[in-house]
Amino acid sequence: MANKAHEEIPGNPSTATSSKIKLNDRTNGKPLRVLTEEDWKFWIENGYIVIKNAVPKEQARATADFLWEFDEKDPQDPETWYAPPRAEMKMKELTGTGMVEVYNHQHLWNNRQAPKVYDAFVDIWGTEKLWVTIDRANLNIPQRPGENKKGFIHWDYDPETRPQNVQGVLALADQTDENMGGFQCIPWLYRSYDTWKLTQPENRDRFQPDITGLEDKIEKVKMEAGDLLIFNSTLPHGIRPNKSGNKVRIAQYISMMPAEEDNEQLREWRISSWKHRIAPEGYAFPGDPRNWEQKRYNTAKLSPLGEKLLGLTNW
């Protein structure tokens, strides 16, 4: 597995659990590349921000088309949407949420190495020397009549540890109907965590808050194809159930962290994962039991930026 520190926690193991470098506080004096001043204020206040048109819509659509093909589902035939999951999730709240176990296909790397995606994370971190997470995608299909799947709110990192980390999701189809599933979060709890925790039992679940009484504070974030959402890892977040009846939420998970070029073990794993199309495995990333990435697809071609974001070449 990529990162043994992730064996018992949900976070993505293709990067470190927390960075030694703190998130950007603007003291470096560098101008923002993508975010506006209004965006920055929103980010600081709410713990998330949506970057419009981070990748072209046609690129987002091409990735979505690939995901349908990879998951052996026909977007025009709902009867094909409800096959049972191929891989068992140790992280039970993800069961039935439509995770697509693909990690290193060319389409995913095209989005990871998109300049605007990179520049947005440079704004968030305040450094150009970044590594991208090797993560998967999501097809959140509508519930059938009679089904009552629940959404969830959680943290991937214990907020008590004050992780210096962010996460991200790229919309591959429009998510403008709040009933169709997608990202949800509680900015109020992000802002009020230190006082909220004093009201909670000592033995509370550090990764899944009791949100009783906070239901009206949940924000359902709307996005359009090509939009990138970046959120602070101390923001409680999750996926809401798809109750639209006929719409599918399609997304790719993308984040970046400061590169750890002196961590040879992690760098070598990342390069091997890209070259041999290997999933992170571990707690919440089981991979595809069909091994389609290895059997059907070639190693993704990287741009000079992509080589640095992987760790193949140094910054």
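What this report covers is the structure whose coordinates are included nearby. None of these values were measured; they are calculated from a predicted model.

### Some details on the pairing of strand β9 (residues 237-242)
For β9, the tally of buried residues reaches five of six residues, placing the bulk of the element in the interior. Bridge count between strand β6 (residues 180-185) and β9: five bridges; the pairing is antiparallel. Following the sheet pairing, Met-180 is matched in β9 by Asn-242.

### Some thoughts on the nonpolar core
Within the largest apolar cluster, 61 residues are counted, with the highest numbers of intra-cluster contacts made by Val-117, Phe-121, Leu-228, Ile-230 and Ile-250. Here the element with the most residues in this core is helix α4 (residues 115-125); it accounts for seven residues. Membership of the second largest hydrophobic core comes to 15 residues, among which are Val-169, Phe-183, Leu-229 and Ile-239.

### Some points on helix α5 (residues 187-196)
What α5 keeps buried is the set Pro-187, Leu-189, Ser-192, Tyr-193 and Trp-196. Contacts from the buried residues of α5 go to α1 (37-46), β1 (48-51), β6 and β7 (219-220).

### Concerning the packing of aromatic side chains
Two descriptors summarise a pair of aromatic rings, namely the distance from one centre to the other and the angle between the planes of the rings. All told, the structure shown has 13 aromatic pairs when counted by the stated rule. With 5.2 Å between their ring centres and 90 degrees between their planes, Phe-42 and Tyr-48 make a pair best called edge-to-face. Exposure remark for Phe-42: the relative accessible area of 32% places this residue in the partly exposed category. Taking relative accessible area as the criterion, Tyr-48 reaches 8% and is therefore assigned buried. Note on Phe-66 and Phe-70: the rings are 5.7 Å apart at their centroids and 45 degrees apart in plane angle, and the pair reads as tilted. Within this pair, Phe-66 and its partner Phe-70 are both found in helix α2 (residues 57-70), separated by four residues, close to a single helical turn. Neither residue differs from the other here; Phe-66 and Phe-70 are each classed as buried. The side chain of Arg-290 reaches across the aromatic face of Phe-70, ending 4.8 Å from its centre.

Rules behind the numbers
Residues numbered from 1 in each chain as written. Predicted model: local features only at pLDDT ≥ 70, side-chain atom pairs only at ≥ 80, totals over all residues. Heavy atoms only, no water. Buried < 20%, exposed > 50% of the residue type's maximum accessible area, 1.4 Å probe, protein only. Helix = DSSP H or I, 4+ residues; strand = E, 2+ residues; numbered from the N terminus. Pairing = 2+ DSSP bridges. Core = buried A, V, L, I, M, F, W, Y, C linked by side-chain atoms within 4.5 Å. Contact = heavy atoms within 4.5 Å. Phe/Tyr/Trp six-rings, centres within 6.5 Å; stacked < 30°, edge-to-face > 60°. Lys NZ or Arg CZ within 6 Å of the ring centre and 35° of its normal.

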